[in-house]
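This is what each chain is made of:
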Amino acid sequence: MIHYIKGEVTMTFDGGVVIETGGLGYEVFVPSSSPLYNKMGQGPVLVYTAMMVREDDVSLYGFDNKESLLLFRRLLTVSGVGAKAAMSILSALPAGEVKKAIVFEDAAMLARANGIGKKTAQRIVLELKDKLDDVGGFAAEAVEKVAANDSKSEAIDALISLGFSRSEAVSSLAGVADETLTVEEYIKAALRNR
């Protein structure tokens, strides 16, 4: 198992980069949003990797931080989600946003990724929502607290109709400490927090 590679990015290709170290060039698939694409010839980089071994292929998947690597591995535990689908999700959204979408049960946000349908996104949410504790400063308990307040729940629905994703709406309202506001006041507070 290769945990990480430290070397220089010498080439890019569709879907990844080549990292040279010790005279060898390792082909590493990275998310399309990765900053590694812009590091060619800029000195050594550290890439955290996951090695996938199949009957007919051995591939390395690389990430510029451990959070993305751990999330990639967690996504692979979902039935029906392979390396290609997990990379598509991490290419479409930063790791923190993927975690928020899962915790806030926002399957529509996950479905924005190429090749991820509604059912697959719902399965990811269902299988991982209880396995991700803290997301962007909001614990799962904070999400439950927002959902338990009727006015906040109505405000979430209103914000979604205004164009917020479910996770954006819940995030905006999770930071509002006052539990006695009206629906309209929660909406105003969420708009200020955005």
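Residues numbered from 1 in each chain as written. Predicted model: local features only at pLDDT ≥ 70, side-chain atom pairs only at ≥ 80, totals over all residues. Heavy atoms only, no water.

Caption draft 1: Spotlight on unusual backbone geometry. Although it is not a glycine, glutamate 105 adopts a positive phi angle of roughly 55 degrees. By the secondary structure assignment, glutamate 105 is in the loop between α3 (95–103) and α4 (107–110). Its relative accessible area of 41% is what places glutamate 105 among the partly exposed residues. (Helix = DSSP H or I, 4+ residues; strand = E, 2+ residues; numbered from the N terminus. Buried < 20%, exposed > 50% of the residue type's maximum accessible area, 1.4 Å probe, protein only.)

Caption draft 2: Examining the side chain of threonine 49 more closely. Turning to its location among the elements, threonine 49 is positioned in strand β4 (residues 44–54). Setting aside chain neighbours within four positions, we find threonine 49 in contact with Ile2, His3, Tyr4, Ile5, Leu60, Tyr61, Gly62, Leu69 and Arg73. (Contact = heavy atoms within 4.5 Å.)

Caption draft 3: Representation of the pairing of strand β5 (residues 57–63). Burial analysis of β5 places 5 of its 7 residues in the buried class, which makes it a mostly covered element. Pairing analysis gives 2 bridges linking strand β3 (residues 24–29) to β5, with the strands arranged parallel. When the sheet's bridge partners are listed, phenylalanine 29 is paired in β5 with tyrosine 61. Two strands pair when backbone bridges link them, and β4 and β5 are joined in this way by 7 bridges, in the antiparallel orientation. Across the sheet, residue threonine 49 finds its bridge partner in β5, namely glycine 62. What sits between the antiparallel neighbours β4 and β5 is a turn of 2 residues. (Pairing = 2+ DSSP bridges.)

Caption draft 4: Layout of the pairing of strand β2 (residues 16–21). Here 5 bridges tie strand β1 (residues 4–13) to β2, and the two strands are oriented antiparallel to one another. Bridge assignment links threonine 12 to a residue of β2, and that residue is valine 17. Between the end of β1 and the start of β2, which pair antiparallel, lie 2 residues, with glycine 15 showing a positive phi angle near 105 degrees. When β2 meets β3, the two strands line up antiparallel, connected through 6 bridges.

Caption draft 5: Expanded view of the pattern of salt bridges. Under the definition given, this model contains 5 salt bridges. Across the pair aspartate 56 and arginine 54 runs a salt bridge, and its minimum N-O distance is 4.0 Å. Measuring nitrogen to oxygen at the nearest pair gives 3.6 Å for the salt bridge that ties lysine 129 to glutamate 105. With a gap of 24 residues between them, lysine 129 in the loop between α5 (118–128) and β6 (134–135) and glutamate 105 in the loop between α3 and α4 connect regions that are remote in the sequence. (Salt bridge = Lys/Arg side-chain N within 4 Å of Asp/Glu carboxyl O.)

Caption draft 6: Highlighting the sheet that holds β2. Strand order in the closed barrel formed by 5 strands is β1-β2-β3-β5-β4, with mixed pairing between adjacent strands. Strand-to-strand twist across the sheet, computed as the mean angle between neighbouring axes with direction ignored, equals 55 degrees. Of the strands in this sheet, β4 and β5 touch helix α1 (residues 66–76), which is tilted by about 10 degrees from β4. Against the sheet, helix α2 (residues 83–92) makes contact with β3, β4 and β5, and its axis sits at roughly 20 degrees relative to β5, the strand it touches most. (Axes fitted to C-alpha atoms, helices over the stretch in contact; angles between N-to-C directions.)

Caption draft 7: Fine view of the environment of serine 91. Along the chain, serine 91 turns up in helix α2. Residue class for serine 91 comes out partly exposed when judged on its relative accessible area of 23%. Measuring from C-alpha to C-alpha, the distance between serine 91 and serine 32 comes to 5.0 Å, with 59 residues separating the pair along the chain. Sequence-distant contacts of serine 91, that is, excluding residues within four places in its chain, are made with Pro31, Ser32 and Ser33.

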